[in-house]
Structures are given as C-alpha cells and as structure tokens.
Amino acid sequence: MEIEIGEDMIRLGQLLKFANVVADGGEAKSLIADGAVHVDGEEETRRGRQVLVGSLVEVAMPHGIVSLRVVR
C-alpha cells in the first residue's frame, strides 16, 4: 500500500499510526520492540526512526505482512 506524505520524511511510529496499522504510539512501540517492523529490509527497533520518501516498511501482523511504500 502506498502512503503519501507531505514532507521528505516521517517518523516510523507516526507512519504506522497514519497508515492505520496501529491505533496508538504504545502499540507502535510494542510492534517495533518485538522486531516485527523492517525498513528497507532491515529490522528497525527505533520508533523515532526517520523514514524517507521511497522507503519500504514491512510489518509482521497476525494476519500477514503489511507493506507500506512511502511516497510524496
């Protein structure tokens, strides 16, 4: 799924909330801490990670992998 942002970057936790993958920051923090989030193929453990336009974020959810492509 493509997620359009108005800036050159968005923080990872904000992206997950904006894309409706999580309901709040606590849920985002938990997913990230559990190793369920990858940015451009690498596991990410920082909720504040800056995600740039063009990045691919993959989240392992109980129902499968959710892929988010950040676009402008």
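One can find the structure itself at the top, above this paragraph.
The rules behind each value
- Residues numbered from 1 in each chain as written.
- Predicted model: local features only at pLDDT ≥ 70, side-chain atom pairs only at ≥ 80, totals over all residues.
- Heavy atoms only, no water.
- Pairing = 2+ DSSP bridges.
- Helix = DSSP H or I, 4+ residues; strand = E, 2+ residues; numbered from the N terminus.
- Contact = heavy atoms within 4.5 Å.

Student: Run through the pairing of strand 7 (residues 64-71), naming residues and quoting values.
Tutor: Sheet topology places strand 1 (residues 2-4) next to strand 7; three bridges connect them, and they run parallel. Counterpart to I3 in the pairing with strand 7 is V70.

Student: Tell me about the sheet that holds strand 3 (residues 37-39), and name the residues and values.
Tutor: With mixed pairing, the five strands of this open sheet are ordered in space as 1-7-6-3-4. The sheet terminates laterally at strand 1 and strand 4 (42-43), the two strands that pair on one side only. Relative to strand 6 (residues 56-61), strand 3 runs antiparallel, the two sharing three bridges. Residue pairing across strands places H38 opposite E58, the latter belonging to strand 6.

Student: Could you give me a rundown of the side chain of S55, with the residues and numbers involved?
Tutor: By the secondary structure assignment, S55 is in the loop between strand 5 (50-52) and strand 6. Beyond its immediate stretch of four places on either side in the chain, S55 contacts D40, L68, R69 and V70.

Purely geometric numbers; function is a separate question.
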